[in-house]
Every structure is written in C-alpha cells, then in structure tokens.
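Descriptive structure summary
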Amino acid sequence: MKNLKKILAAVLALCILLCFAGCGPKDTNSEADGKKVLTMATNAEFPPYEYHEGDEIVGIDAEVAAAIAEKLGMELEIADVDFDSIIPGVQQGKYDMGMAGMTVTDDRLEKVNFSDTYAKGVQVVIVKEDGGIASLDDVNGKKIGVQQGTTGDIYASDTVEKGGYGEENVTKYANGALAVEALKAGKVDCVIIDNEPAKAYVAANEGLKILDTEYANEDYAICFAKDNTELQTKVNNALKELIADGTVQKIVDKYIKAEK
Ligand code: ARG
C-alpha cells in the first residue's frame, strides 16, 4: 500500500514535470513569428552604414543585413553597442554576427572569421575649415579624436616611428558622433575616421572639411565566431547572390549619392 502511494506520487510528479516542459514559454530569443532570429551587433553612429533614424537603425549595413536575413528565412535583430564590444560579443556568442563597416585586419582575423568583403573604406582626416591643418604632416603633435577600437584609433595611436601620431595625442571616443562633437568644441584638432562617415558628418556640420590626403585603404566585411562557419557560409552565399543581382549596389546607391 505504501509502495503504491509512492508510485502514484512519482507518476504525478513526472506528469507535472512533463507538462511544464511541454507548455513552458517558448525561447523568445531564438524565435519571432516562428522565424529564427539573426542577431547583428553594430555601432549605429556611423552614417551611411548604420545610424539612427527615429527609433530605427538604418543604413547600408542594416539594409544589406536585412536582405541577407530574408534570404536565410530569418528575422534580423540589431543590437547597437560600442564598436569595441562587437568582436568580444560575437566571440562569446552573444550575437550571431557583427556588421559595422568593420575593416578586415590581421589582428581581428585572429579572433573572428570574416565574410567576403562587400564595401571599401579609406581613413581620412576631418579638420575645422579654419583650423590650420592642411596636410597629414600638420597632424603631427596635434590632438586627434578617434572612435575607440577602430582602425583609425589603431593607426593614429601607433608610435611616430610606425607611422602613427603617438598614443599621447589621441583621445578615444565611444563613437564617431562624439569625436566630431569634440572637434567642433575645440577639444581635439582633427578626427580620423572612415571616408563615408566623414562626408556625412561634414555635410551635417558647418565649418568642417576633409583633408585631401587619405591614408589607409580598407575592406569591410561581416564577422562571425570562429566556430560558426555554418552561418559564415550561409551569409557568404546570400551575399554573393545579393551582389550578383544588384541588390547591394542598389542599397549603396540609395545611401551614397554619386559625386557631382
Ligand atoms: N572601419 C573602421 C574599423 O573597422 C571603423 C568602423 C566603425 N564602425 C562603426 N559602426 N562605428 O575599425
């Protein structure tokens, strides 16, 4: 009799457990409308690649990523984080991929894998129109603003012998917009940043210009965790199709108007 009670209790407990397992809330992180979510980390102060428009994050990367997600039958979710936490977050699996006008470098290739490249960038120098900096040589000894952890930061922070301007002359900001604000406020004498964001910032702010010299050509690509070659392959295939059928170019043309 005692045994029967025990068995009944055990069966009941098992039923409750199974019910919970079966009826529990769905994992909302990995599904939305039944579609798998593709999380992309970016730093959305980088027009025209990614920036805020009202509540939305728009730009070339945001739209290309959405097109990729659509091809993969996934739902794109964008996380706006500091640029230098994109790679660590991707490495830890917090985000499926990082897409942020991110330059492929040897150092980064040790931490993450990159997709095929989908755009090119050039590091340029933004100065005040009347700031007295006319060439890269004039930048020597001046105060330089950069976006923390970007290639502009890495080049500028190098020693003079290695072609940089010395760490002591570099102020690192969490994003490009803050660096440009600092330039306008006279806290730094110039900002080193990628050419397209530079153009966007100069267009949106009076009294700024881009130096005629440009000094580092770069390739942009999407990064993935080293062990996520499955997604890397899928994204590369989608990207190839989107380049071949002109979708990527159409998105670029929407955001970057041909020079007049
Ligand atoms: N191309 C540069 C780099 O990879 C700057 C990228 C900054 N991107 C951004 N979304 N804030 O370091």
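Refer to the preceding data block for the structure.
Since this is a predicted model, take the numbers as computed values, not measurements.

1. Description of the overall build of the protein
- Per the secondary structure count, the protein includes 9 helices and 14 strands.
- Going through the 260 residues of the protein one by one, you find that 43% of them count as buried.
- Residue pairs in contact within the protein that sit at least 24 positions apart in sequence constitute 74% of those at least 6 positions apart.
- Accessible surface computed for the protein: about 14200 Å², of which carbon and sulfur atoms make up 52%.

2. What about the packing of helix α2 (residues 60-71) against helix α9 (residues 247-255)?
- Interaxial distance between α2 and α9 falls to 9 Å at its minimum, and their mutual angle equals 155 degrees. By the angle class used here, α2 and α9 are roughly antiparallel. Between α2 and α9 the crossing geometry is right-handed. Across from Ile 60, Glu 63 and Val 64 in α2, the residues of α9 making contact are Val 248, Ile 251, Val 252, Lys 254 and Tyr 255.
- Of the residues that constitute the contact of α2 with α9, the class distribution is 6 nonpolar, no polar and 2 charged.

3. Quick notes on the site of the ligand
- Looking at the ligand, there are 15 residues lining it, with Ala 100, Thr 103, Arg 108, Thr 151 and Asp 194 nearest.
- In the environment of the ligand, a nitrogen atom lies 3.3 Å from a nitrogen or oxygen atom belonging to the side chain of Gln 147.
- Contacts to the ligand include Thr 151, whose backbone N or O atom sits 2.7 Å from an oxygen atom.
- Summarising the interface, the protein chains cover 100% of the accessible area of the ligand, which totals 350 Å² for the free molecule.
- Taken together, the residues that form the shell around the ligand break down as 5 nonpolar, 6 polar and 4 charged.

4. Some points on the nonpolar core
- Judged by nonpolar contacts, the single largest core of 44 residues is most densely connected at Ile 60, Val 64, Ile 68, Met 97, Ile 126 and Ile 222.
- With 6 residues, α2 is the largest single contributor of residues to this core.
- If near-sequence neighbours (up to four positions away) are discounted, Met 97 is found in contact with Leu 38, Thr 39, Met 40, Ala 41, Ala 65, Val 90, Ile 222, Cys 223, Phe 224 and Val 235.
- Core analysis: the next-biggest nonpolar cluster, separate from the first, contains 14 residues, Tyr 95, Ala 100, Phe 114 and Cys 223 among them.

5. So, the packing of aromatic side chains
- Under the defined criterion, the tally for this structure stands at 3 aromatic pairs.
- Centre to centre, the rings of Tyr 49 and Tyr 220 are 5.2 Å apart; their planes meet at 85 degrees, and the pair counts as edge-to-face. Linking Tyr 49 in the loop between β3 (45-46) and β4 (50-53) with Tyr 220 in strand β13 (residues 208-220), this pair joins segments that are 171 residues apart in sequence. Neither Tyr 49 nor Tyr 220 differs from the other in exposure class; each is buried.
- Both rings, one in Tyr 51 and one in Tyr 255, keep their centres 6.3 Å apart while their planes meet at 85 degrees; by these two values the pair is edge-to-face. Linking Tyr 51 in strand β4 with Tyr 255 in helix α9, this pair joins segments that are 204 residues apart in sequence.
- With a relative accessible area of 22%, Tyr 51 lands in the partly exposed category.
- By way of ring pairs, the aromatic residues Phe 46, Tyr 49 and Tyr 220 are connected into one cluster.

6. Some words on helix α7 (residues 195-204)
- Along α7, the positions that sit buried rather than exposed are Asn 195, Glu 196, Pro 197, Ala 198, Tyr 201 and Val 202.
- Those residues of α7 that are buried lie in contact with β3, β9 (119-128), α6 (176-184), β12 (190-194) and β13.

7. A few points about the pattern of salt bridges
- Summed over all chains, the structure comprises 9 salt bridges.
- One salt bridge in this structure joins Lys 240 and Asp 116, with 3.8 Å as the shortest N-O distance. Highlighted residues: Lys 240 in helix α8 (residues 229-244) and Asp 116 in the loop between β8 (112-114) and β9, separated in sequence by 124 residues.
- A residue is classified by how much of its surface remains accessible, and Asp 116, at 32% relative accessible area, is partly exposed.

8. Brief notes about the side chain of Thr 42
- Of note, Thr 42 is situated in strand β2 (residues 35-42).
- The exposure class of Thr 42 is buried, given its relative accessible area of 0%.
- Of note is the side chain of Thr 42, whose polar atom sits 3.2 Å from the side chain of Glu 50.
- Those residues in contact with Thr 42, other than ones at most four positions away along the chain, are Glu 50, Ile 78, Ala 79, Asp 80, Val 81, Ile 86, Met 99 and Ala 100.

What counts and what doesn't
- Residues numbered from 1 in each chain as written.
- Predicted model: local features only at pLDDT ≥ 70, side-chain atom pairs only at ≥ 80, totals over all residues.
- Heavy atoms only, no water.
- Helix = DSSP H or I, 4+ residues; strand = E, 2+ residues; numbered from the N terminus.
- Buried < 20%, exposed > 50% of the residue type's maximum accessible area, 1.4 Å probe, protein only.
- Contact = heavy atoms within 4.5 Å.
- Areas by Shrake-Rupley, 256 points an atom, 1.4 Å probe, with all protein chains shown as cover.
- Axes fitted to C-alpha atoms, helices over the stretch in contact; angles between N-to-C directions.
- Parallel < 35°, antiparallel > 145°, perpendicular 65-115°, else oblique.
- Left-handed = near helix turned anticlockwise from the far one by under 90°.
- Nonpolar A, V, L, I, M, F, W, Y, C, P; charged D, E, K, R; others polar.
- Near = heavy atom within 4 Å.
- Polar contact = N/O pair within 3.5 Å; in protein donor to acceptor, adjacent residues only side chain to side chain.
- Core = buried A, V, L, I, M, F, W, Y, C linked by side-chain atoms within 4.5 Å.
- Phe/Tyr/Trp six-rings, centres within 6.5 Å; stacked < 30°, edge-to-face > 60°.
- Salt bridge = Lys/Arg side-chain N within 4 Å of Asp/Glu carboxyl O.

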